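Single-letter residue listing:
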Amino acid sequence: MKTDRVEGCEENCMKSESTAILLRIFIGESDHYKGKPLYMYIVEMLKAEGIAGATVFRGIAGFGKHSRIHTTSILRLSTDMPILIEVSDLEENIERIRPKLDEVINQGLITEEKVKIVFYGSDKNK
């Protein structure tokens, strides 16, 4: 991991760079696991597993394997909007949680790619 001071930044701002894995998990809004929306179950599981971060996005339109278009259009209101969960962490942490994702996702898609993470923060708590 590379760490540098950020010029022109107040109070000892630091910038660190590292390589990580970005998972994109595509599921449907109506997907559930153990009585809970699947996206919430996954986010809570990732947090409990100590994963660095996850964000859930709700799509406004999309289609998948069955080619049915899901949209928020008032003329064609869908109750199963596309959900995207983005997860980023070190490769070993992603490898550790992938079997848990396999257990809870029945329908969906996961993509994985290496990414460069640039984190900006303060070193005043060191």
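Let me begin by describing the structure that accompanies this report. All chains use their own residue numbering, which begins from 1 and follows the written sequence. This being a predicted model, a pLDDT of at least 70 is required before a residue's local features are given, and a value of 80 or more before pairs of side-chain atoms are given or counted; all residues contribute to the totals for chains, interfaces and linings. Hydrogens and water are ignored here; the side-chain numbers use all heavy atoms of the structure.

Section: the layout of surface pockets
Stage number 1. Estimated volume of the second largest pocket: approximately 230 Å³.
Stage number 2. Lining the second largest pocket are 11 residues, with Ser18, Ala20, Ala52, Ile117 and Phe119 sitting closest to its centre.
Stage number 3. Elements supplying a minimum of two residues to the lining of the second largest pocket: β2 (13-28), β8 (82-89) and β9 (109-122).
Stage number 4. With 3 residues, β2 is the largest single contributor of residues to the lining of the second largest pocket.
Stage number 5. Classifying every residue of the lining of the second largest pocket gives 6 nonpolar, 4 polar and 1 charged. In this analysis, the protein atoms alone were mapped onto a 1 Å grid. Cavities are point sets where a 1.4 Å probe fits without being able to get out; pockets are open sets with protein on both sides within 12 Å along at least five of seven lines; lining residues have an atom within 4 Å of a point. Grid points are joined across faces, edges and corners, and a volume is the space filled by probe spheres set on the points. Helix numbering and strand numbering both begin at the N terminus, where a helix is a DSSP run of H or I of at least 4 residues and a strand a DSSP run of E of at least 2. Each residue is assigned to one of three groups, with Ala, Val, Leu, Ile, Met, Phe, Trp, Tyr, Cys and Pro labelled nonpolar, Asp, Glu, Lys and Arg labelled charged, and all others, Gly among them, labelled polar.

Considering the pattern of salt bridges
Stage number 1. The salt bridge definition used is simple: a Lys or Arg side-chain nitrogen within 4 Å of an Asp or Glu carboxyl oxygen. Tallied over the entire structure, the rule returns 10 salt bridges.
Stage number 2. A salt bridge links arginine 24 to glutamate 86; the shortest N-O distance between them is 2.8 Å. Placement of the pair is arginine 24 in strand β2 and glutamate 86 in strand β8, with a sequence separation of 62 residues.

As for the pairing of β2
Stage number 1. In this scheme, strands are said to pair when DSSP sees at least two bridges between them. When β2 meets β9, the two strands line up antiparallel, connected through 14 bridges. Bridging across to β9, leucine 23 finds its partner in glutamate 112.
Stage number 2. Relative to β8, β2 runs antiparallel, the two being bridged by 8 bridges. Within β8, the residue paired with isoleucine 27 across the bridge is isoleucine 83.

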